[in-house]
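So the chains spell out like this:
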Amino acid sequence: MQKMLDGLSPPPPIAAVLNYRLSEVAEGRVVFSGTPQAAFANPTGAIHGGWYGTLLDSCMACAVLTRLPARTAFTTLEYKVNVLRSVPAGVEVAAIGTAQHVGRSTGVAVGELRGVKDGKLYATGSTTCIVMQPPAQDK
């Protein structure tokens, strides 16, 4: 994650498509910043819930990743998002993920989507990630 933040590793392609970027990394904490575009609206004109979900899934899962040993595989097992208010198109938000527990088989994290300028809480999330231990080497 640090190499990605430093520009030494490429960001995931979805970040460019959905207009977000990695902005902070620390052990157990990751922040992505993003700005929804009008093109991300659902049929009612509000920003689609999938945009909130993608940013929250990204920050929460990556917060778990920061506490795993190098080259340990993991993926999101399940996540939940609560949209509290609509983010207007063009308003920058920070998706803040915090790992609460990372063990041998699972990682648990929470997330918040907050306005960068207004500080408003737009959505919250929680996740459970599955941690896949590499197979033992034959001796």
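In this text, all values refer to a predicted model and were calculated from it rather than measured experimentally.

Definitions and limits used
- Residues numbered from 1 in each chain as written.
- Predicted model: local features only at pLDDT ≥ 70, side-chain atom pairs only at ≥ 80, totals over all residues.
- Heavy atoms only, no water.
- Helix = DSSP H or I, 4+ residues; strand = E, 2+ residues; numbered from the N terminus.
- Buried < 20%, exposed > 50% of the residue type's maximum accessible area, 1.4 Å probe, protein only.
- Contact = heavy atoms within 4.5 Å.
- Areas by Shrake-Rupley, 256 points an atom, 1.4 Å probe, with all protein chains shown as cover.
- Lys, Arg positive; Asp, Glu negative; His and termini not counted.
- Charge placed at Lys NZ, Arg CZ, Asp CG, Glu CD.
- 1 Å grid on protein atoms, 1.4 Å probe; cavity = no way out; pocket = protein on both sides within 12 Å on 5 of 7 lines; lining within 4 Å.
- Points joined across faces, edges and corners; volume = space filled by probe spheres on them.
- Nonpolar A, V, L, I, M, F, W, Y, C, P; charged D, E, K, R; others polar.
- Salt bridge = Lys/Arg side-chain N within 4 Å of Asp/Glu carboxyl O.

Asker: How should I be thinking about the overall build of the protein chain in this particular structure?
Answerer: Looking only at helices and strands, the protein chain features 3 helices and 6 strands. Going residue by residue from the N terminus, the α and β elements of the protein chain occur as α-α-β-β-α-β-β-β-β. With respect to the principal axes defined by its C-alpha atoms, the protein chain has extents near 60 × 30 × 25 Å. A total of 139 residues make up the protein chain; the buried ones form 35% of that total. Intrachain contacts of the protein chain at a sequence separation of at least 6 include 61% that bridge at least 24 residues. Summed over all atoms, the accessible surface of the protein chain reaches about 7,800 Å², with 55% contributed by carbon and sulfur. Computed over 12 positive and 9 negative side-chain charges, the separation of the two mean positions in the protein chain equals 1 Å.

Asker: Help me understand the layout of surface pockets, please; the structure alone is not making it clear to me.
Answerer: To find leftover empty space, a probe the size of one water molecule is rolled over the atoms. Its boundaries defined by the atoms lining it, the largest pocket holds a volume of some 190 Å³. If you go around the largest pocket, the residues you meet are Met1, Met4, Pro12, Ile14, Tyr20, Phe32, Thr54, Asp57, Ser58, Ala61, Cys62 and Leu65. If one sorts the elements of the lining of the largest pocket by residue count, helix α3 (residues 49–65) sits on top with 6 residues. Residue composition of the lining of the largest pocket, by class: 9 nonpolar, 2 polar and 1 charged.

Asker: Please explain the pattern of salt bridges as it appears in this structure.
Answerer: For side chains of opposite charge, pairing can occur when their charged atoms come near one another. This structure, assessed with the given rule, holds 3 salt bridges. Across the pair Glu92 and Arg21 runs a salt bridge, and its minimum N-O distance is 2.7 Å. In this pair, Glu92 sits in the loop between β3 (73–83) and β4 (93–102) while Arg21 sits in strand β1 (residues 20–26), placing the two residues 71 residues apart along the sequence. Residue Arg21 is classed as partly exposed on the basis of its relative accessible area of 44%. Ionic pairing is found between Glu24 and Arg29, a salt bridge with its closest N-O pair at 2.7 Å. Taking relative accessible area as the criterion, Arg29 reaches 33% and is therefore assigned partly exposed.

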